[in-house]
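A closer look at the structure
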Amino acid sequence: MSRSRADEEEYWHSSKCRAFTFDDEDDELCQLKESKRAVNSLRDIVDDDEDELEKVSWSGEPVGSISWSIKETASSSTSSLEGRDSSLQKGSSSNAALPKQVSSYSLSSLFKGRNKLPSLQSLSDALSDTGVKNYAPELRRPKAEYKDYSSDWSPKDTVRRMQRGKVCSLERFRSLQDKLVLLDEAVAGHDGNVITAVLIFLKRTLRREILFRELEERQVALCHLIHFLKETGEQKMLLDLLRFLDRTEEVALSQYREHLNIQDVEKRREFLKGCIGLPFSPEDISHIQDHYTLLERQIIIEANDRHLETAGQSEIFRKYPRKASILNMPLVTTLFYSCFYHYTEAEGTFSSPTNLKKTFKIPDKQYVLTALAARAKLRAWEDVDALFTTKNWLGYTKKKAPIGFHRVVEILQRNNAPVQVLQEYVRLVEDVETRLNLATKYKCHDVVIDTYRDLKDRIQLMAYKCKVERGSAEEEKINSILNNTVRNTCFLL
Amino acid sequence: MASTARRDVPEPPDFGILKRLARDQLIYLLEQLPGRKDLFIEADLMSPLDRIANVSILKHEVDKLYKVESRPALSTSDQLCFLVRPRVKTMKYIADIVNADKMSGRSRKYKIIFSPQKFYACEMVLEEEGVFGDVTCDEWSFYLLPLDEDIISMELPEFFRDYFLEGDHRWINSVARALQLLNSLYGPFSRAYGIGRCAKMCYELWRELEEESEGDSQGRKPEIGNIFLMDRDTDYVTALCSQMVYEGLVDDTFRIKCGSVDFGPEVTSSDKSIKVLLNAQDKVFSQIRNEHFSSVFGFLSQKSRNLQAQYDRRRGMDIKQMKNFVSQELKGLKQEHRLLSLHIGACESIMKKKTKQDFQEMIKAEHSLLEGFDIRESTSFIEEHIDRQVSPIESLRLMCLLSITENGLNPKDYRSLKTQYLQSYGPEHLLTFHNLKRIGLLTEQAAGETLTAVESRVSKLVTDRAAGKITDAFNSLARKSNFRAISKKLGLIPRLDGEYDLKMPRDMAYVFSGAYTPLSCKIIEQVLERRGWQGLEEVLRLLNGTEFSEAGAAEASPGRDSQRTVLAVFLGGCTCSEMAALRFLGRERGCRFIFLTTAVTSSGRLMEAMAETRA
């Protein structure tokens, strides 16, 4: 089935990639810190006048940059609601300070004459007149003035002209045959802009069913129409088209998508309720159902908790005021919230964690991770303890977790758990190397010492003695172990 | 870079002319609306515009600048000019302004300048909103923004979603015109290679434009001899990997926007943010951008020691020497000092962030996915990543990487990961999953196709034949990635004994810590080496690619600099890691790569493009 364990072991040891770690303890970070110190120590030599640097405004944009200037206009126009004239003055005065650059552009030099600007010489040399047309196509005549009086362009020529941005009348393509030839030419021309233009014309001049029918065999054109309908927000026609194509799942998703535009939660809830009956795939139906149920719950919880909070009776809300509403949050966030504020509630209430777990079939792993994070944040170490304690049939307790204990340690550590709590879980980390790393990192001396003892690693143990405080219980422990082993060895001899 | 170039790499052509062209055309277009006016600029166009013009240039023509946004406009000017991308939404915004003015009996002049081109759909909206004759329209052919001496961006991040997800060909013409412009300025290109359907279409449309324009390119000395066009969907894996070269990490961590980055207070160790232009002109950055992150520290500390030594020379100088020092060297040293402290700050900040997200474990999981073993373990790593509500984008990225390397997730994993994802990050991501499935980034294996990589390796002959049949029958929606087979065929996973010395890279795999050679770059390397696709038939079959290779009209003269200059065109985006890898290849082979991309991209940007947002 897979490579044997030994194979992998061997693989990792012979790793060709030099282990590069992002560890704090790493030499290279020290190196980096050193360089930083060196560079910073130069600060007093390098006086901080930034005259050589580009001028930067308060917002960090270089003065004179476009984004900077727009911010200026925005602030000056908001600050001048009372008088428009002043805003005008302010807007212009703020920019008047900028040095007026001598204009280096000259259109005539570029588009008419040659060799006027030395810097452009290479360009004018490089380009023939036709070349100039390439990058400035018919610049002198504004496009709006184009009128196409000729009406006998072939479909191919029509498409070609349109590709070059010229306005062409499509009205003379009246027979279905002509329309389709035009569409096929547009698709063959690879220009999506023209394909869409032809589709807009067909959409206007053909009955829907006929257009749909013809598009069914023209996938590229079909994609363009669907995208066009999405962009212009013609939802009804889009749904008709998808239904015609029997893409029922897309019909459902496309309708469901509309909920994103509904701000009001009650309306959103109602809308989601309506989505439940849509033709989703069987697997997605349950997701939609869950989405509806979740929002419904959140509305109830939100109303309750807002009441509790304003009443000021509940201690937890007084101590940890809510930062945001729970509405429209993901399920896991809701679970965290309920583990934080409603941990001890009976399963019967909507806001209790166990209720959420049951209703949404939250996997153990996800539940434990979330509950752990919430309880650790509140520094409720007993709850943390209870989360992992199981009793076997003989009544012995044992610590068990659906996630690795290194993960537990990481979460506890991030919440500043005391060493006593931390070391209990570090001890449970299975992999010896990880356990030693974590224990050393978080100064769980006991665990380090015990691990070295179990490994019978005398040298490391002696080395570790230097790291613990002199005269501490830890040092004593190390000494006693070392003496013990000495005795044992003697005994053996 | 530590490696020594075997041959001289040709200098990149001067792309400054592209900026001048764009700027001059814009001024010309603004002049077409004579008199004072206010200019409304689309948010996406502000940074590109910043790179080619500054306010003082625009001030010749424009009174005030505004951003196009949902708020109503406060402008008092009698002439309004809009500089926008051709989008339906923006048209409605403009139409609302015009109609509001009409209602209040106010008359103004309006002009819309579309960049890089106008779309018929936009005109249709203007017509429908009843403002068609009230506004005049123009096109600003600003296709190409040189971001650096070897990077040209079209600044069209939406290209990726529009083409690969929606199947819209609207930008193909823009790419063709961009190629035409480059060909006329730096060509003629004598040889063109490409892979992907979009690449092929762009190429064909460009050829058509060339034939029509009949521009005589005779006698011009080309600066770019070869072009290579590639669709992003040829290789998603590379774009999804965690970046390890400095520039890539800076992009992933701080988001480089239009070639510049905002370093926040945590980097600048002051209370303000600093905007820094990251390019070849930055003496410090240019030396570390392509380096693997692990060799950056050494470089920076060496550099700061040198700087210290140079400052120390002041001691024991007499007045005259000191005067010289101050007038000649101090400015340069100060500049270097400033850059050095910024990049050191950035490194620290990256380290801090990466340490927090157990980066080590993540890289291990990624490498396992790339090599195809311990898939179970990586899957549960991803699961835990989701459960812990760590970054939604990262979770999505890892799932996609799993899916592509494994030819789709088995139905059980797919359902379970999807459910947990929706629970962790919100049910509306149902839409994201649908998009990912359509584009082929995150798929579910059809029933009966649930073969793990190991199984298929064990009984290769039997399963391969069976899998092929099943694919034909069921999997018509998204094409298979066949990553594992391609990787084997092209040797993407270096099998070496001993350590991979990241400071002295031996191949392009260094950009991913020596664990994986970017597929996209490998293809380019192979095709350029063979001067075509001969011998790569099997790879092509696995890629399901539409490939081409054509010699242009111009005579290729080998040995000339232009023949050693390659325009690498990435349709749908190119990552910093890919650029670093190809720059490395260029130094090894004595050729110069110029990157033309629809936008500089990253795994984060690709994933974000798949989400559905409010209208």
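Residues numbered from 1 in each chain as written. Chains lettered and ligands numbered in written order. Predicted model: local features only at pLDDT ≥ 70, side-chain atom pairs only at ≥ 80, totals over all residues. Heavy atoms only, no water.

1. Section: the overall build of chain B
Scanning chain B from N- to C-terminus turns up 26 helices and 14 strands. By residue count, 64% of the 615 residues in chain B fall in the buried class. Considering only residue pairs separated by 6 or more positions, chain B has 78% of its internal contacts joining residues 24 or more positions apart. Looking at chain B as shown, the accessible area adds up to about 22,700 Å², and 50% of this sits on carbon and sulfur atoms. (Helix = DSSP H or I, 4+ residues; strand = E, 2+ residues; numbered from the N terminus. Buried < 20%, exposed > 50% of the residue type's maximum accessible area, 1.4 Å probe, protein only. Contact = heavy atoms within 4.5 Å. Areas by Shrake-Rupley, 256 points an atom, 1.4 Å probe, with all protein chains shown as cover.)

2. Describing the UniProt feature "domain: Vps16 C-terminal" (unreviewed entry) in chain A
As annotated in UniProt, the feature "domain: Vps16 C-terminal" (unreviewed entry) corresponds to residues 177–273 of chain A in the numbering used here. Helix and strand shares over residues 177–273 of chain A are 80% and 0% respectively, and the end C-alpha atoms of the span are 45 Å apart. (UniProt positions renumbered as here; feature names shortened; annotations may be inferred.)

3. Brief notes about the pattern of salt bridges
Under the counting rule described, the total for this entry stands at 74 salt bridges over all chains. Where Arg108(B) meets Asp101(B), a salt bridge forms, and the shortest distance between an N and an O atom there is 2.8 Å. Each member of the pair, Arg108(B) together with Asp101(B), is buried. Glu529(B) serves as the salt-bridge partner of Arg589(B), at 2.9 Å between the closest nitrogen and oxygen. Separated by 60 residues along the polypeptide, Arg589(B) in helix H25 (residues 576–589) and Glu529(B) in helix H23 (residues 519–530) bring together distant segments of the chain. For Arg589(B), a relative accessible area of 35% translates into the label partly exposed. Judged by relative accessible area, which is 49%, Glu529(B) ranks as partly exposed. Members of the salt-bridge network, linked through shared partners, are Glu283(A), Asp284(A), Arg415(B), Lys418(B), Lys437(B) and Glu444(B). (Salt bridge = Lys/Arg side-chain N within 4 Å of Asp/Glu carboxyl O.)

4. Comments concerning the pairing of strand S1 (residues 38–42) of chain B
Residues and elements named next belong to chain B. Most of S1 sits inside the fold, with five of its five residues counted as buried. Side-chain alternation along S1 places Asp38, Phe40 and Glu42 on one buried face and Leu39 and Ile41 on a second face that is also buried. In the sheet, S1 pairs with strand S3 (residues 79–84) via four bridges, with the strands oriented parallel. Its bridge partner being in S3, Ile41 is matched across the sheet by Leu83. In this structure, S1 lies alongside strand S2 (residues 65–68), joined through four bridges in parallel fashion. Residue Leu39 lies in a different strand from S2, and its bridge partner there is Leu65. (Pairing = 2+ DSSP bridges.)

5. Things to note about the sheet that holds strand S8 (residues 191–195) of chain B
All names here are of chain B. The mixed open sheet is built from seven strands, whose spatial order is S6-S7-S14-S13-S9-S8-S12. Looking at which strands have only one partner, the edges of the open sheet turn out to be strand S6 (145–148) and strand S12 (547–551). The mean angle between the axes of side-by-side strands here comes to 20°, regardless of whether they run parallel or antiparallel. Pairing between strand S9 (residues 226–231) and strand S13 (residues 565–571): six bridges, direction parallel. Bridging from a neighbouring strand, Asn226 pairs with Val566 of S13. (Axes fitted to C-alpha atoms, helices over the stretch in contact; angles between N-to-C directions.)

6. Section: the environment of Leu528(B)
Residue and element names in this part refer to chain B. Here Leu528 lies in helix H23. Along the sequence, Leu528 and Leu330 sit 198 residues apart, while their C-alpha atoms lie 46 Å from each other. Ignoring any residue separated from it by four or fewer positions in sequence, one finds Leu528 in contact with Tyr193, Val566 and Phe593.

7. Details of helix H16 (residues 375–387) of chain B
Residue and element names in this part refer to chain B. Taking 1.5 Å as the rise per residue, H16 with 13 residues should run 18 Å; its terminal C-alpha atoms sit 18 Å apart, in good agreement. Counted residue by residue, H16 has ten buried out of 13 residues, so it is predominantly covered. If you check which residues of H16 are buried, you get Ile375, Ser378, Thr379, Phe381, Ile382, Glu383, Glu384, His385, Ile386 and Asp387. The positive-phi residue at the C-terminal boundary of H16 is Gln389, with phi of around 55°. (Expected span 1.5 Å × (residues − 1).)

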